[in-house]
Structures are given as C-alpha cells and as structure tokens.
Amino acid sequence: MADPPGCCSTCATCLLCPYSCQWITAKKQKRKGLRTTKYDCCWFLFLFCVFLFTLAWLYFAIIILNDFHNFNEFIFRQRKLWLDWSLVLLIATAVLISYSSVLLVLALCLQLCGQPLKLHWVHKMLLILTALVVAAAFTGLGIKWAEEWKSARISLQATGPFLHIGIVGGMTLLAWPLASFIYRTHSTGLKVFLLLVFWAVMIALYLAPLGITSPCIMEENQLPPKPALVGHRGAPMLAPENTLMSLHKAVECDVQVFETDVMVSADGVPFLMHDEELTRTTNVQAMFPERAALNSTAFNWTDLQELNAGRWFLERRPFPTVQSLSDDDRDEAAEQRIPSLEQVLEAAKQSNISIMFDLRPENHSDYQNFVNVTLEVILQSGIPLQQVLWLPDGFREDVKQQAPGVQHVYGRKRLEKEEPGLHINLPYQDMSSEEIRQYRQDNISVNLYVVNQPWLFSVLWCSGVSSVTTNACQVLKEMKRPIWLLPSSTYFMIWIVVDCVSFLIIIWAFVLMK
C-alpha cells in the first residue's frame, strides 16, 4: 500500500505509534506485507461504534444535569455521604469520549495516509472496557432513574435542529476517509455495500427534519408569555433551602411563589423541612447524636430551634454558586435556623409572595391532626388565603370546608369534564408540549418541576407552560426570551442549504480522492 502524495514518512510514523503502540518506520521495505486485514476493519468498526456509544452517553450526561441535585440527595440519604456527583460524571464521561475520539481521529488519518490500521491489543481491551462502562451507565439509568429517558425526549425538542446539522456535518467529513478506503480496496462487493449503507444514512439524515418537531419553531409574535417562577424551597442556590434567607433571596429573584415542605413537631408546631431526617440540612448529629436518625416529627419545637440550618450549606456547597456568595451572605447563611410555618407566612405576607407546600409525611398515623394544626396556623396568620396554594391530597375536602379561600393545586392531570381554573403541579417529564398547549387553551394553570437549565426552560416557555419550579431562579430571571426561536420558513431554508452543501462536499470528496 503506497503512501499517497502529501503524507510524509514522519507523519505516517507519528500516527502509527499511538494507534499501534509500536515504532514502525515508514520505509517501504520495513512495511512490506503490512496490510489492513478484515480483522483490523472489524476493530475499526467497533471503535466507531464505541465512539458513537460514548457520544450518546455524553449527550445524556449533559441532559440529566438538570436533575442531578436529586441524585446527590438520594446518595446522601442512602450513604450519608455528600458529594457533587455531577463532577464525577462529567470527568469520567470526558475521559471516555476523549479517548475514543483520539483513537478514531488517528484511524481516519491513517486511512487517509494509506497506513495499516493495526490497533494494539491494549487499545482493544480499553475499548471493550469503555463499552462495558457506558453500557452499565445506561443500564443503571434505566433501572434507577427511568424518568430521565423522558427528559431525553424533551431535550430533542431543544436540540433536534442543531443535532441534525451536526450529524450531517460529521457524516459529510466521514466521506473523505470512506472515499479513500473505497478507492484502495479491491473487493467490489465491499465497495457496493459501503456505498449503499453510507448513502442510505445520508438520505435518511437529509430527510430527518420532516420528523423533527420543536415548540420553538414558531413566529416571534406567537411566543407565549414568560412562565412565572416558583422557588423550589426558596432560592437554594443562593441560600440554605427552606429558610427565611432562602425566601428573601427568592423574592429578590422576582419569584412569585415560594414552594416548600411542612412538617409538624412533636408538640404541634408546623415547621419547614423536606427530609424525613434532619441530618442533611442541620447539625442534629452534633447537637443530638443519639436522636439524629429519628424522624423530624419526633423532635419538639424547643429542640428544633437549637439546631443550625445554614452551616451545612457553606460546608457541603450543594451548588457551585455557594463559592460566589458575598461575605455578608455567608454570615447570614451561617446563622439560619429552622423556621416555623408561622414565621414563613408572616414573611410571605410582607413580601406579597404566595406559598405552596406539601405536608409531610403523608403516611403518618396522626396526619389528620397535622392538617388541622397547619390550617389553624394559616387562618391565624392573617395572610390572604388566595396566597396559599395547598398541595396535599389527604383530607382535601376538609380543607375546602375550613378554609374555602385556599387555592388547591393537584398533582395529577385533569379528569374528564373537570371545571376550568384548575391548578396542576407535575414533573416536567409528565406533560408533552401538545398537552401544555391544550391545557392553556382550556384555562388550566400548569406548573412543572424542577426546571433548572435554560434549554429546558426555553422549551417549556415555547410550549406555553404557566409556571416552573426551579432551583436556579437567579438564572431564569435574566432570560428575556428563549435560547432560540426560529420561524418555520427560516428553519426550512437552513435545512435545504445544509443538505445541499453536504451533498456537494461529498461528491467533491469522492472526485478529489479518486
């Protein structure tokens, strides 16, 4: 196999060394008889598949970052170990995709230079290991976090048009080494097979936009109003969650609703707490080590007031934004305590912000008493009842009778012939863009949670959702419009231009390589 013009012996040798893990000189007599066999071609195909596999995992890893804080909390509840596992995920994914990418680029360059594709056995073992690791990651995602597959479907509405352009570009570049290989091989059957597969893939890609739908492909004047922001436990990226500081930071972010979780102490005082145990967000392990594993409702209000609910935020840094806090904010966060529902209602009334809450734990034997005590605090607080959004399903009819002005929010889709003016609160994975549009037309308010990434907020904005619950109110507040918005005519023009340019480059590649 002769070196093509322009491929110097030094370049050829430098490409062979990392790929084959041995120093092979470029002199013809040293390489006499050294050819790319069918076995080598199979390994190249495996390398290409592993690259695509890791690329797909990289895409999923970026998508699930929106929900990764939930995973961190899950690991803490299971292992009592706090770590930002998203960094581990991204670093590991970057290593895998970088390794397979470098090998693939080397292989393609070797093919263009007419060099043999003799992949070293160490690379073969590492590629098999890479494939197994990524397969295990996908399997774990499917078993433990199946709803993220729905997130991937939604993400395609945000990235579909751009993925199409990127994939067409990648396949277009692949035409150069493919043309080189076809002109060098002597097997007519293999040539025909490769050409048929390649052009079948390209035709499918050229026509792919016919099946790509996105709510953000619309005219500017059709864009719905920006969704209202609901602070998930306040503003947890700027202050310790479920504290008065978090509420005040949420107000500064123009949040319209403070979403929280309420529990009732052993002596009947409703207070803010999400977890059933106090270990994650307080210093209960230091103050009451023998009782740290008890349910939050087992503590009386006097004991709860002794706990610090802010230092954990500075020590564990649940979000990267903690590092950028000012000294004053750090001092304030370090002094936060567990607030009672009465304190929060007073702060909400003064700030003119609504409050939406769950009452936990729903399976408690004294849950009806929890409902009654909570209602009593709400009615005595003097807050306008229309500012209270009631989420718990238990004893809802009793709540409607005792506090008829409270707004009820349902964690389900509407029933047939249900009255208009309904308020719905669901995970963002559970509603399609078509359902959101229909609910909007039927005057049903839809709040989706938890939405942190601008790409996801953009898709839901274009779909017409009423509001979103978010950890990142300071980010979404600054968005004046969706990340991208394309009129259908503009997208059609981009589609045609990209396909035509790609086709011309591929023809040029085959003509030039001949």
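Residues numbered from 1 in each chain as written. Predicted model: local features only at pLDDT ≥ 70, side-chain atom pairs only at ≥ 80, totals over all residues. Heavy atoms only, no water.

### Looking at empty space enclosed by the protein
- One pass over the structure, following the stated rule, counts two cavities of 30 Å³ or more.
- Size it by volume and the largest cavity reaches roughly 70 Å³.
- Looking at the largest cavity, the residues that line it are Glu 241, Asn 242, Thr 243, Leu 272, Met 273, His 274, Thr 281, Thr 282, Ala 309, Trp 312, Ile 338 and Pro 339.
- The class makeup of the residues in the lining of the largest cavity is six nonpolar, five polar and one charged.
- Considering only enclosed or pocket space, the second largest cavity measures out at about 40 Å³ in volume. (1 Å grid on protein atoms, 1.4 Å probe; cavity = no way out; pocket = protein on both sides within 12 Å on 5 of 7 lines; lining within 4 Å. Points joined across faces, edges and corners; volume = space filled by probe spheres on them. Nonpolar A, V, L, I, M, F, W, Y, C, P; charged D, E, K, R; others polar.)

### Focus: the confidence of the model for the protein
- On average, residues of the protein score 92 in pLDDT, and 95% of them reach the 70 mark or higher.
- Between residues 1–6, whose pLDDT stays under 50, and residues either more than four places distant or in other chains, the model counts 15 contacts.
- Low pLDDT, under 50, characterises residues 25–33; the predicted model gives this stretch 11 contacts beyond four residues in sequence or across chains. (pLDDT = per-residue confidence, 0-100. Contact = heavy atoms within 4.5 Å.)

### A few points about the packing of helix 4 (residues 85–112) against helix 5 (residues 121–144)
- Viewed as axis vectors pointing N to C, helix 4 and helix 5 meet at an angle of 140 degrees, and their least axial separation amounts to 11 Å. Of the possible angle classes, the one that applies to helix 4 and helix 5 is oblique. Considering how the two elements wind past one another, helix 4 and helix 5 form a crossing that is left-handed. Where helix 4 abuts helix 5, its residues Leu 96, Tyr 99 and Leu 103 lie against His 123, Leu 126, Leu 127, Thr 130, Val 133 and Val 134.
- Class assignment for the residues of the contact of helix 4 with helix 5 results in seven nonpolar, two polar and no charged. (Axes fitted to C-alpha atoms, helices over the stretch in contact; angles between N-to-C directions. Helix = DSSP H or I, 4+ residues; strand = E, 2+ residues; numbered from the N terminus. Parallel < 35°, antiparallel > 145°, perpendicular 65-115°, else oblique. Left-handed = near helix turned anticlockwise from the far one by under 90°.)

### Looking at the domain arrangement of the protein
- Looking at the assigned domains, one finds that the protein contains domain 1 (9–214 + 492–512) and domain 2 (229–276 + 312–478).
- In this structure, domain 1 and domain 2 have C-alpha centres spaced 43 Å apart.
- Facing 18 residues of domain 1, the contacting portion of domain 2 comprises 19 residues.
- At the boundary of domain 1 with domain 2, total buried surface from both sides reaches about 1,700 Å², with 52% on carbon and sulfur atoms. (Domains from an automatic or database assignment. Buried area = accessible area lost by both parts, 1.4 Å probe.)

### Considering unusual backbone geometry
- Here the bond from Arg 360 into Pro 361 is cis, since omega is -15 degrees, no more than 30 degrees from zero.
- With respect to the helices, strands and loops of the structure, Pro 361 is situated in the loop between strand 4 (354–359) and helix 14 (367–381).
- Despite not being glycine, Asn 443 has its phi angle at roughly 60 degrees, a positive value.
- Overall, the relative accessible area of 54% leaves Asn 443 in the exposed class. (Buried < 20%, exposed > 50% of the residue type's maximum accessible area, 1.4 Å probe, protein only.)

### A look at a nonpolar patch on the surface
- A cluster of nonpolar residues, Trp 121, Val 122, Met 125, Leu 126, Ile 128, Leu 129, Leu 132 and Val 133, forms a patch on the protein surface that exposes about 750 Å² of accessible area.
- When you line up the elements, Val 133 lands in helix 5.
- Note on Val 133: relative accessible area 40%, which makes it partly exposed. (Patch = residues over 30% accessible without salt bridge, like charges linked within 9 Å, V, L, I, M, F, W, Y side chains within 5 Å. Areas by Shrake-Rupley, 256 points an atom, 1.4 Å probe, with all protein chains shown as cover. Salt bridge = Lys/Arg side-chain N within 4 Å of Asp/Glu carboxyl O.)

### Concerning the packing of aromatic side chains
- Tallying each qualifying case throughout the model produces 23 aromatic pairs.
- Arranged with centres 6.5 Å apart and planes meeting at 85 degrees, the rings of Tyr 59 and Phe 60 form a pair that is edge-to-face. No difference in accessibility class separates Tyr 59 from Phe 60, as the two residues are buried.
- Taking 6.0 Å as the distance between ring centres and 75 degrees as the angle between the ring planes, the aromatic pair formed by Trp 312 and Phe 313 counts as edge-to-face.
- For Trp 312, a relative accessible area of 6% puts it in the buried group.
- One aromatic cluster in this structure is built from Phe 53, Trp 57, Tyr 59, Phe 60, Phe 138 and Trp 149.
- Over the aromatic face of Tyr 439 sits the side chain of Arg 414, whose NZ or CZ is 4.9 Å from the ring centroid. (Phe/Tyr/Trp six-rings, centres within 6.5 Å; stacked < 30°, edge-to-face > 60°. Lys NZ or Arg CZ within 6 Å of the ring centre and 35° of its normal.)

### Notes on the pattern of salt bridges
- Counting across every chain of the model gives 19 salt bridges.
- Residues Glu 73 and Arg 280 are paired through a salt bridge, measuring 3.6 Å at the closest nitrogen-oxygen approach. A residue pair is termed long-range when its members are at least 10 positions apart, and Glu 73 in helix 3 (residues 68–79) and Arg 280 in the loop between strand 3 (270–272) and helix 9 (284–287) qualify at 207 residues. For the pair formed by Glu 73 and Arg 280, the shared burial category is buried.
- The salt bridge partner of Asp 442 is Arg 414, with a shortest N-O separation of 2.6 Å.

### Examining the layout of surface pockets
- A volume near 1,000 Å³ is recorded for the second largest pocket.
- At the level of secondary structure, the elements contributing two or more residues to the lining of the second largest pocket comprise helix 2 (38–63), helix 4, helix 6 (148–184) and helix 7 (188–207).

### A closer look at helix 12 (residues 327–334)
- Regarding helix 12, the residues found buried are Asp 329, Ala 333 and Ala 334. Around the axis of helix 12, the buried residues are gathered within 135 degrees of arc, so they sit on the same side. Those residues of helix 12 that are exposed and aimed more than 90 degrees away from the buried face are Asp 327, Asp 328 and Asp 331.
- In the core, the buried residues of helix 12 are packed alongside helix 8 (244–252) and helix 11 (311–316). (Arc of directions from axis to C-beta.)

### Regarding the UniProt feature "transmembrane region" (unreviewed entry) in the protein
- Within the UniProt annotation, "transmembrane region" (unreviewed entry) is assigned to residues 41–65, 85–113, 125–143, 163–183, 192–212 and 491–513.
- The span residues 41–65 shows a helical share of 92% and a strand share of 0%, and its end C-alpha atoms are spaced 37 Å apart.
- Note that residues 491–513 is 100% helix and 0% strand, and that its end C-alpha atoms are spaced 33 Å apart. (UniProt positions renumbered as here; feature names shortened; annotations may be inferred.)

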